[in-house]
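This is what each chain is made of:
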Amino acid sequence: MSKGEETKQKILQNALVLFSKQGYAQTSIRDIALKVKIKAPSIYAYFSSKEELFESVADDVMSDYLNFVRQKATDIIGLSKVDKLYTFTEQIIEYLYEKDLAYFVIRYSVDPPDQFKDAILQRFNEVDEEIKKLIRDIIKPELDKYINEDTIISSFFCILDGILLSIGNSSREECEIRLKATWEVFSRGINKKH
């Protein structure tokens, strides 16, 4: 990687952290430059504006998240249906912690800046559609054993929403405890009673 590409990646990584923690409006080019240890005007050699930098960060985050979801669809083959869903959920937690993306996802899925709202929500919808597709693929072969598909999907998204809030407000251990407790109820609830 060239020095210029390395600097660009540092700018993107530090912008991600600052946009996530401080918010778009409260983060300045100067703040990002200080974190990267370069002069503020140097950022403009890579990005024409703060808006372009934010769009690049958002695009990187959402592309990475979407690719992660698509990859995980192939990583959970061979497990039971409920175990596939649980493993996928655990992998999302691991991914968000490992990549430091949780705060970005939490902040901008709930309150994106007005000028980026449509684009960001469209990207979140792409990820949501991929997750829905994965859930349908998991439960479809045995759908007659489960309650309504849309109910399962809605419930699963409620679990994901809760996990995101837990990641933002609790320790990792507490997040995992909450997931296990919630999953016990979810896994029993999605099966049809015979």
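Residues numbered from 1 in each chain as written. Predicted model: local features only at pLDDT ≥ 70, side-chain atom pairs only at ≥ 80, totals over all residues. Heavy atoms only, no water.

### Quick notes on the UniProt feature "domain: HTH tetR-type" (unreviewed entry) in the chain
Summarizing the sequence annotation, UniProt attributes the feature "domain: HTH tetR-type" (unreviewed entry) to residues 5-65 in the numbering used throughout. End C-alpha to end C-alpha, residues 5-65 measures 22 Å, and it is 75% helix and 0% strand. (UniProt positions renumbered as here; feature names shortened; annotations may be inferred. Helix = DSSP H or I, 4+ residues; strand = E, 2+ residues; numbered from the N terminus.)

### Things to note about helix α9 (residues 172-190)
With 19 residues, α9 should cover 27 Å at 1.5 Å per step; its first-to-last C-alpha distance of 26 Å lies within 8% of that length. For α9, every residue scored as buried is listed here: Cys175, Leu179, Trp183, Phe186, Ser187 and Ile190. The secondary structure elements touched by the buried residues of α9 are α5 (81-99) and α8 (149-169). (Expected span 1.5 Å × (residues − 1). Buried < 20%, exposed > 50% of the residue type's maximum accessible area, 1.4 Å probe, protein only. Contact = heavy atoms within 4.5 Å.)

### Things to note about the domain arrangement of the chain
What the domain assignment reports for the chain is domain 1 (1-47) and domain 2 (54-191). The partner domain 2 presents 15 residues to the ten residues of domain 1 that form the contact. In this assembly, domain 1 packs against domain 2 so that about 950 Å² is buried in total across both faces, 68% of it on carbon and sulfur atoms. Three residues stand out in domain 1 for area buried against domain 2, namely Leu16, Ser20 and Tyr24, and they jointly supply 54% of the buried area on that side. Here domain 1 is connected to domain 2 by zero salt bridges. At the junction of domain 1 and domain 2, the tally comes to five residue pairs in polar contact (both at pLDDT 80 or more). When its residues are assigned to classes, the side of domain 1 that touches domain 2 shows six nonpolar, three polar and one charged. (Domains from an automatic or database assignment. Buried area = accessible area lost by both parts, 1.4 Å probe. Salt bridge = Lys/Arg side-chain N within 4 Å of Asp/Glu carboxyl O. Polar contact = N/O pair within 3.5 Å; in protein donor to acceptor, adjacent residues only side chain to side chain. Nonpolar A, V, L, I, M, F, W, Y, C, P; charged D, E, K, R; others polar.)

### Examining the packing of aromatic side chains
Following the criterion strictly, the structure yields 15 aromatic pairs and no others. Ring centres of phenylalanine 54 and tyrosine 108 lie 5.1 Å apart, and the angle between their planes is 70°; on these two criteria the pair is classed as edge-to-face. Here the residue phenylalanine 54 occupies a position in helix α4 (residues 50-75), and tyrosine 108 occupies one in helix α6 (residues 102-110), the gap between them amounting to 54 residues. Across the pair, exposure class does not vary: phenylalanine 54 and tyrosine 108 are buried alike. An aromatic cluster is built from Phe19, Tyr24, Phe54, Phe104, Tyr108 and Phe116, whose rings are joined through pairwise contacts. When the ring centre of tyrosine 24 is taken as origin, the NZ or CZ atom of lysine 50, which lies over that ring, is 4.3 Å away. (Phe/Tyr/Trp six-rings, centres within 6.5 Å; stacked < 30°, edge-to-face > 60°. Lys NZ or Arg CZ within 6 Å of the ring centre and 35° of its normal.)

### So, the environment of cysteine 175
Tracing the backbone through its elements, the reader meets cysteine 175 in helix α9. By relative accessible area, which is 1% here, cysteine 175 ends up buried. Measuring from C-alpha to C-alpha, the distance between cysteine 175 and tyrosine 86 comes to 14 Å, with 89 residues separating the pair along the chain. What cysteine 175 contacts, discounting residues up to four positions off in sequence, is Ile93, Tyr97, Ile163, Ser166 and Ile167.

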